[in-house]
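Observations on the three-dimensional arrangement
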Amino acid sequence: MRVAYVRARGERIERISVIASHDVVIVGAGLAGMRAAVEAARGGVDVAVVTKLHPVRSHSGAAEGGINVALGNVSDDSTEGHTYDTVKGSDYLADQDASRIMCEAAVDDILELENMGCFFSRLPNGRIAQRPFGAAGRPRTAFAADITGHVLLHVMYEQLLKHGVKVYEEFFAIDLVLDDNGECIGVSSWDIKDGGIKTVLGNATVICTGGMGRMYHGTTNAFACTGDGMAMAFRAGAPLKDMEFMQFHPTTLKANGVLITEGCRGEGGVLRNADGERFMKNYAPNAMELASRDVVSRAEWTEIMSGRGVDGCVLLDLTHLGADHINRALPGSRELALDYAGVDAIDEPIPVRPGAHYQMGGVHTDNWGMTPLPGLWASGEAACVSVHGANRLGGNSLLEAVVFGRRSGEHAARTVQGKARPDAAAAAASISKTEAKVAGLLSATGPRADELRESLAETMYANCGVFRTGDSMTEARDTIATLRKTYDEGVLVQDKGSNFNNDLTYAIEVGYLLEMGDVLTRCALEREESRGGHTRLDFVERDDEKWLVHSLTTRTIDDAKINVGTHPVTITDYQPAIRTY
Amino acid sequence: MLVKLKIWRQTPTADGAFARELVDFEVDTFEEATLLDVLDSIKHHQDGTLAYRKSCRMAICGSCGMRMDGRAVLACKTPMKELAAKGRVPVIAPMGNMPVLRDLVTDMTDFWQKVRAMTPWLERAHHGDAPADGREHLVSPEEQQKITKETMCIMCGCCVSECNSMEADPSFLGPAALAKGYRFVGDVRDKRTRERLEQYNGPHGVWDCTRCYFCNERCPKGVDPRDAIAKLGAAMFDHGITSDRGAKHAQVFVDSTKGQGPVPGSFGIPVPGSEILYNGHLSETALIPLTLGIPTSLTPNWAGMGVKLGRKGKVPPPWHGALHRVKGLDEVRRLWRVLEGKESAERRGGDLEEPAKPLPPNIAQGVLTQFTPEQIFERTGAVVSSDITAGGGKLPPDQVDLAGYYGAETVVQRFVAGGGLDKDHGLSGPAPTDYAAQQAAQIDAHGSRPGATTSKDA
């Protein structure tokens, strides 16, 4: 480790822990992060990845069902059709230019993944197989049984090794480093293995830290999905877009929120209520179980609330598919249901309910992943380009990670090529703040951080869930305000050590979650309509006159004041229409 | 339910050693709780200093490998209900064969280095080998199936933790890395098979596995790493890479039971008298000289060991084979002939008596874009009928055997038959209006977004 000594303000000599300076620094090593890193490496610049896990531990690996691409291997399909379905699925809030870029790039990007070695399920003629997914007009979802994310994540890690990209493993990112001009020049992290603040500098920093589902009870997200990158970017002055749109996945297990893939319905699984009725016929008579996720989640919630649920769930029935089909196409789902619900899908239906799954919003970026904060890019779930608008289609998140990961890596590399690397001295002030923050956390007393997260998760699921009202969200906002105040006064980190102190890192994560929960709730309160994943019982209609706009949330750096504004939607080819399935 | 457990707490001390202590815990938790849920409860409500890794809690990220009662498990995939009901108090410890960093956290640096040593990415012979039509490689579902299990590997390290061979030789590549290796050797798209097999051969490689099967037994994902290692060994025989003692040992072992000597010894010269040694039973006495070569086996170490083994009655005397012919040796030999004949028949795609079957036309058309008919025959023994023209074109969807692939009456077929959800894709909908232009005019105030087609995009 190289320790730099710099002359800071005044004559005091400060010892700061800048360990390296690269051209491009990627924060997060999921599918988007690694794709960005590989593309930046191909661009001929020096690139490094900072991750709080090991790359293959990232949550992209938990994606099950597949990745959308208009290959036309099992039907005549077109990128136009894919774009249209994406825009319609978004409840017309997606930027249509961005959606088009994604759907058109999909073909080459997915074929490239295959050429890299990705293990896709195949048709008898040797081509990549495709299955139907919710709200898609054609069977368009390429897949690897029901472990698509796992397969993509590992193939991208293979490419990362092949390109010799430097990875700082188990580095827990705490703050973006800003220089005196307010430009982002890297990231400061807590070294999980050895302790201490370690700073990695770069002319371009790319946030690829994924989602924030851990603010909800009943979430499909991993423990690691705590909104780190969004919160860091927000605190550094980058705006967040469309944060009120949390997608609820219709089929998650009650005990721990584990996801049962949409592929189950794509392969022919049906949803039933307590009476054994296929209730989707009352909500989406054409698409039935393969309607858009927001539609199915609302239908399930309505059934459960109307007393037609089974122990707070509805039933996902695969039994008619037969053991062979289930074992070949959905082995992972069968295993998960066995492990966490004690149900063998071959013999009996799986109890499922909606769970927080995917944050459609994120750090506001342009079509190349560039944010308004100089030196900062973002891609994947942590970013909002926006291609998903108010509701993401199943199979489009892996696609977004691949396409916009590649684009942000390429653009960041191109932008910083030939630029002198940032100097350690420019980072001194920023690093001192981070060190003070960690010292404060280690010495504070108060409740345990998990108590705060539990309260947050409870209020979010109850008051800011599938259905929302002004009253419920106000309650959530007030609860969060109290929780944030408590957090700021101090939480108790029992572990004071420097070796694998995940008590400390968890306390920092809870801080991220509280702030992002606050943002989500405020945005949701502002939006007085129902659109996609945001359904209000007090404003049941979509209101294109007033609300065909993105929300854009900013925070003042000094007094941390949150301000919710708007940003126009780009509409090119498809005029908003009534959305039925 | 009440769960009791003991956890090995291990904290590094200033002098680099570890303070070790077995600590009792009791947790009141919910019925479906896993070991990971119990650890979380301890961490949040009893002792925040307990260190362990976790992330997905659904057995896909591979973070939470550890040992429960001496067996490697994923904490998130280990329900506690039965143990609690029986009143058992399991002991939780970090994985084996890896240095401990703290409590239940191990250092996996060596694990990842071994994975890296496998050249773990798809390699084609040269760049131009990508499919000529710029699309995907053509891989039949059957070919793809060959590496399904290895693809499931989540790199949790449970197999390595339990590997007996690695305990004796820490440099052994180990089950996880070798399974990763087979993932590429078994992949029809990879064109470095021979180089890979040579790379995985030799000291610390494929043949150093002791076949204890603990890795298969403890793998939480059904990867069966030992099977992958066996498949690598078989592939080495197919490629004539048999220089390793392990390979020779396996060959002699098989020959010995065949009862069909003579067999080649050192430098390919038939071992004199080996025919008598092979009388249909396993001749342990012959294993050593035939594996090592006669000169090496006569060196004091090996010869001395042989004498010792003989004295203790661990191996039969050399003349045993000559004097004792196995009952029904002719039947043994016939069985071997059938077995070998059947094998080759299978490779040629049919019964011995029948002529080789032609490939189904759709597969043949696909495969022909990558191989010549001669290569296909050489690899598979299958004949490509002459009326299929080579070319990169895919079959029209209606000629793809979807029923065979997806099973009858699936949603896919309903989709295809019905032309999809929305037949016109909405493309006949309203034309773009000035609305889009109005929107575009309003934006880009901060120079960084949404202009529909900005110069950055060009």
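Now for a quick tour of the structure. (Residues numbered from 1 in each chain as written. Chains lettered and ligands numbered in written order. Predicted model: local features only at pLDDT ≥ 70, side-chain atom pairs only at ≥ 80, totals over all residues. Heavy atoms only, no water.)

1. Describing the overall build of chain B
Looking only at helices and strands, chain B has 23 helices and 7 strands in total. By residue count, 46% of the 458 residues in chain B fall in the buried class. Restricting the contact set of chain B to residue pairs at least 6 apart, pairs at least 24 apart contribute 63%. Accessible area for chain B stands at about 22,900 Å²; split by element, carbon and sulfur atoms hold 56% of it. (Helix = DSSP H or I, 4+ residues; strand = E, 2+ residues; numbered from the N terminus. Buried < 20%, exposed > 50% of the residue type's maximum accessible area, 1.4 Å probe, protein only. Contact = heavy atoms within 4.5 Å. Areas by Shrake-Rupley, 256 points an atom, 1.4 Å probe, with all protein chains shown as cover.)

2. Quick word on the nonpolar core
Judged by nonpolar contacts, the single largest core of 171 residues is most densely connected at Val 24, Ile 67 and Ile 350 of chain A together with Leu 35 of chain B. Among the elements that make up this core, the one with the highest residue count is helix 3 (residues 96-116) of chain A (11 residues). When residues no more than four places from it in sequence are discounted, the contact partners of Ile 350 of chain A are Leu 253, Ile 260, Val 314, Leu 315, Leu 316, Leu 318, Ala 337, Val 343 and Ala 345 of chain A. Counting residues in each nonpolar core, the second largest holds 76 residues, with Val 363, Leu 442 and Phe 500 of chain A together with Ala 51 of chain B among its members. (Core = buried A, V, L, I, M, F, W, Y, C linked by side-chain atoms within 4.5 Å.)

3. Examining the sheet that holds strand 5 (residues 67-68) of chain A
The strand order across the open sheet built from 3 strands is 5-7-6 (chain A), with neighbouring strands paired in antiparallel fashion. Here the strands that pair on one side only, and so sit at the sheet edges, are strand 5 and strand 6 (130-131) of chain A. (Pairing = 2+ DSSP bridges.)

4. Concerning the interface of chain B and chain A
Facing the 110 residues of chain B at the interface are 119 residues of chain A. Where chain B abuts chain A, roughly 9,000 Å² becomes buried across the two surfaces, and 54% of that area is made up of carbon and sulfur atoms. Connecting chain B to chain A are 9 salt bridges. The residue Asp 133 of chain B makes a salt bridge to Arg 127 of chain A at a minimum N-O spacing of 3.6 Å. Put simply, chain B and chain A have 35 residue pairs in polar contact (both at pLDDT 80 or more) between them. In terms of residues, the side of chain B that touches chain A owes the most to one element, helix 1 (residues 35-45) of chain B, which gives 5 residues. When the residues that make up the side of chain B that touches chain A are grouped by side-chain class, the tally is 52 nonpolar, 31 polar and 27 charged. (Buried area = accessible area lost by both parts, 1.4 Å probe. Salt bridge = Lys/Arg side-chain N within 4 Å of Asp/Glu carboxyl O. Polar contact = N/O pair within 3.5 Å; in protein donor to acceptor, adjacent residues only side chain to side chain. Nonpolar A, V, L, I, M, F, W, Y, C, P; charged D, E, K, R; others polar.)

5. Points about the pairing of strand 4 (residues 47-50) of chain A
Residues and elements named next belong to chain A. Here strand 4 shows a buried face lined by Val 47 and Val 49 and a second buried face lined by Ala 48 and Val 50. In the sheet, strand 3 (residues 18-27) pairs with strand 4 via 4 bridges, with the strands oriented parallel. Along strand 4, the bridge assignment pairs Ile 26 with Val 49. Running through helix 1 (residues 31-42), the crossover from strand 3 to the neighbouring parallel element strand 4 is right-handed. Pairing geometry for strand 4 and strand 8 (residues 166-168), over 3 bridges, is parallel. Its bridge partner lying in strand 8, Val 49 is registered against Val 167. (Right-handed = clockwise from strand over helix to strand, strands pointing away.)

6. Re unusual backbone geometry
Cis geometry marks the peptide bond from Val 385 of chain A to Ser 386 of chain A; its omega dihedral reads 10°. Structurally, Ser 386 of chain A is set in the loop between strand 19 (383-384) and helix 10 (397-416). A positive phi angle, close to 50°, is found at Glu 170 of chain A, a residue other than glycine. Checked against the element boundaries, Glu 170 of chain A lands in the loop between strand 8 and strand 9 (171-178). If you check the backbone angles, Tyr 213 of chain B has positive phi at about 70° while not being a glycine. With respect to the element layout, Tyr 213 of chain B can be found in the loop between helix 9 (193-200) and helix 10 (214-218). The class of Tyr 213 of chain B is partly exposed, set by a relative accessible area of 42%.

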